[in-house]
Amino acid sequence: MNVASLKFQSWRGYLELMRPANIVTAWADILVGFAASGSGIIFVQLINGESNLPVLIPLAWLLLATTGLYGGGIVFNDVFDADLDAKERPNRAIPSGRVSRQNATLLGSLLFAIGIIAAFQVSWLSAAIATFITLSSLLYDSLSKHHPFFGPLNMGLCRGSNLLLGVSTVPAIIGERWYLALIPVLYIAAITAISQGEVHGGKQITGLLALLLIAIVLTAVLALGLLEDYRAIAALPFAILLAIRILPNFIKAAREPIAENIRNAVKIGVLSLIVLDATVASGFAGLYYGLFVLILLPFSMKLAKVFAVT
């Protein structure tokens, strides 16, 4: 193997650690939070030529922030799992030797720092949320993910907080929209719960619990129509798409909780976070904004064919 090939393998290893396809789903969280803050109207103004790109600077900072925060959390997941992966997933970047555990730790730390610093460019509140996400991610990676209840809850809180990070473009709205964080909390809790069996297989009861949580999420995104400024009719097509994408896979994993079925359900579930975000975003900012968020899905799916999602 020549030097150029070795360098390529090394860089690919670092990218594998960051799970690029998953990071794209984190961007969608920020975009839906941006819409819920009332800032989604900016996109309409841009299309109509009534606004200028500089008004999107806070959004750009938060997209960079979530890239660092999610990337850092995923990297540290593999850092803490290095010994276990050496037995169960030896092809991963660290156990295969393509990236050292020390370098992975440095990468994860740098990504977290970028996330917090970028969030600070928006507001103190954004920086505080970013710091909470960092600490929550480290708690999950190092400890709580091994617990059947606190693991899914912890991961859900990370994603819910990421949505609120998007809302923090208008800090005053956080107090009004805090409940939106419960939607990704329940959704990610379902995925994290069922993912505990993606190596050796799982239990039917866990799959049924995950299905129940998904059903609650689907109901919730339409029930938001009770709010004055949320249009459930705009969200309905996206909600249907979400149900079509995830329910068959979760039902199959619940009926036959073998590792392959669970891995497929987890992969579809993670990527479909973009559809969930597009659903909520369309309710707050309209059909075109929802389609704008949904554009991230094929991009994420393409990356998922090159880099692992789980």
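Let us look at the overall build of the protein chain. Within the protein chain, the secondary structure is distributed over 16 helices and 0 strands. Since a compact globule built from 310 residues should have a radius of gyration of about 19 Å, the 19 Å found for the protein chain is in line with a globular shape. The principal-axis extent of the C-alpha atoms belonging to the protein chain is close to 55 × 45 × 30 Å. Classification of the 310 residues of the protein chain by burial places 54% in the buried group. The contacts of the protein chain with a sequence gap of at least 6 include a subset with a gap of at least 24, amounting to 77%. Approximately 14200 Å² of the protein chain is accessible, and the part contributed by carbon and sulfur atoms is 69%.

Further remarks concern the packing of aromatic side chains. The tally for this structure, following the rule as stated, stands at 9 aromatic pairs. A ring pair is formed by Phe76 and Phe112, whose centres lie 5.7 Å apart and whose planes are at 10 degrees; its orientation type is stacked. Here Phe112 lies in helix 6 (residues 101–120) and Phe76 lies in helix 4 (residues 57–80), a separation of 36 residues in the sequence. When its relative accessible area of 10% is taken as the criterion, Phe76 is described as buried.

Now for helix 14 (residues 273–285). Count 3.6 residues to each turn of an α-helix, and residues three or four apart come out pointing the same way. Compared with the 18 Å implied by 1.5 Å per residue over 13 residues, the 18 Å span of helix 14 between its first and last C-alpha is a close match. Immediately beyond the C-terminal end of helix 14, within one or two residues, lies Gly286, with a positive phi of roughly 100 degrees.

Let us now look at the environment of Ala253. Residue placement: Ala253 occurs in helix 12 (residues 232–255). Separated by 13 residues in sequence, Ala253 and Val266 have C-alpha atoms that sit 9.5 Å apart. Discounting chain neighbours no more than four positions away, the residues touching Ala253 are Ile194, Asn261, Ile262 and Ala265.

Further remarks concern the pattern of salt bridges. Under the definition given, this model contains 9 salt bridges. Between Arg98 and Glu16 there is a salt bridge, and its shortest N-O distance comes to 2.9 Å. Here Glu16 lies in helix 1 (residues 3–18) and Arg98 lies in the loop between helix 5 (82–88) and helix 6, a separation of 82 residues in the sequence. Look at Glu16 and you get buried, because its relative accessible area is 18%. For the salt bridge of Arg92 with Asp85, the shortest nitrogen-to-oxygen distance reads 3.1 Å. Under the relative-accessibility criterion, Asp85 is labelled buried at 3%.

With that settled, consider the nonpolar core. One finds Leu165, Tyr187 and Phe250 to be the most contacted residues of the largest nonpolar core, which totals 92 residues. The biggest single contributor to this core is helix 2 (residues 20–39), with 11 residues. Each residue touching Phe250, except ones within four places of it in the same chain, is listed here: Ala190, Ile191, Ile194, Ala210, Leu211, Ile214, Ala265 and Gly269.

In this section: the confidence of the model for the protein chain. The predicted model of the protein chain has a mean per-residue pLDDT of 89, with 90% of residues at 70 or higher. Segment residues 1–6: pLDDT under 50, and 2 contacts once partners within four positions in sequence are set aside and those in other chains are kept.

All right, on to the environment of Leu163 then. Its location among the elements puts Leu163 in helix 8 (residues 150–167). Judged by relative accessible area, Leu163 falls into the buried class, the value being 4%. A C-alpha to C-alpha distance of 6.9 Å links Leu163 and Val32, two positions 131 residues apart in sequence. Excluding residues that lie within four positions of it along the chain, Leu163 makes contacts with Asp29, Val32, Gly33, Leu180 and Pro184.

Another point: the side chain of Arg19. Position of Arg19 among the secondary structure elements: in the loop between helix 1 and helix 2. Separated by 3.1 Å, the side chain of Arg19 and the backbone oxygen of Glu16 make a polar contact. Apart from the residues within four sequence positions on either side, Arg19 is in contact with Ile74, Asn77, Asp78, Arg92, Ala308, Val309 and Thr310.

A few words on unusual backbone geometry. The backbone phi angle of Arg19 is positive, close to 50 degrees, even though this residue is not glycine. Relative accessible area serves as the criterion here: at 4%, Arg19 is assigned to the buried category.

On the surface, Ile57, Trp61, Leu64, Leu110 and Ile114 cluster together into a nonpolar patch covering about 430 Å² of accessible area. Elements with a minimum of two residues in the nonpolar patch: helix 4 and helix 6. Ranked by the residues each element gives to the nonpolar patch, the list is headed by helix 4, at 3 residues. Within the secondary structure, Ile114 sits in helix 6.

Calculation rules
Residues numbered from 1 in each chain as written. Predicted model: local features only at pLDDT ≥ 70, side-chain atom pairs only at ≥ 80, totals over all residues. Heavy atoms only, no water. Helix = DSSP H or I, 4+ residues; strand = E, 2+ residues; numbered from the N terminus. Rg over C-alpha atoms; globule rule 2.2 N^0.38 Å. Buried < 20%, exposed > 50% of the residue type's maximum accessible area, 1.4 Å probe, protein only. Contact = heavy atoms within 4.5 Å. Areas by Shrake-Rupley, 256 points an atom, 1.4 Å probe, with all protein chains shown as cover. Phe/Tyr/Trp six-rings, centres within 6.5 Å; stacked < 30°, edge-to-face > 60°. Expected span 1.5 Å × (residues − 1). Salt bridge = Lys/Arg side-chain N within 4 Å of Asp/Glu carboxyl O. Core = buried A, V, L, I, M, F, W, Y, C linked by side-chain atoms within 4.5 Å. pLDDT = per-residue confidence, 0-100. Polar contact = N/O pair within 3.5 Å; in protein donor to acceptor, adjacent residues only side chain to side chain. Patch = residues over 30% accessible without salt bridge, like charges linked within 9 Å, V, L, I, M, F, W, Y side chains within 5 Å.

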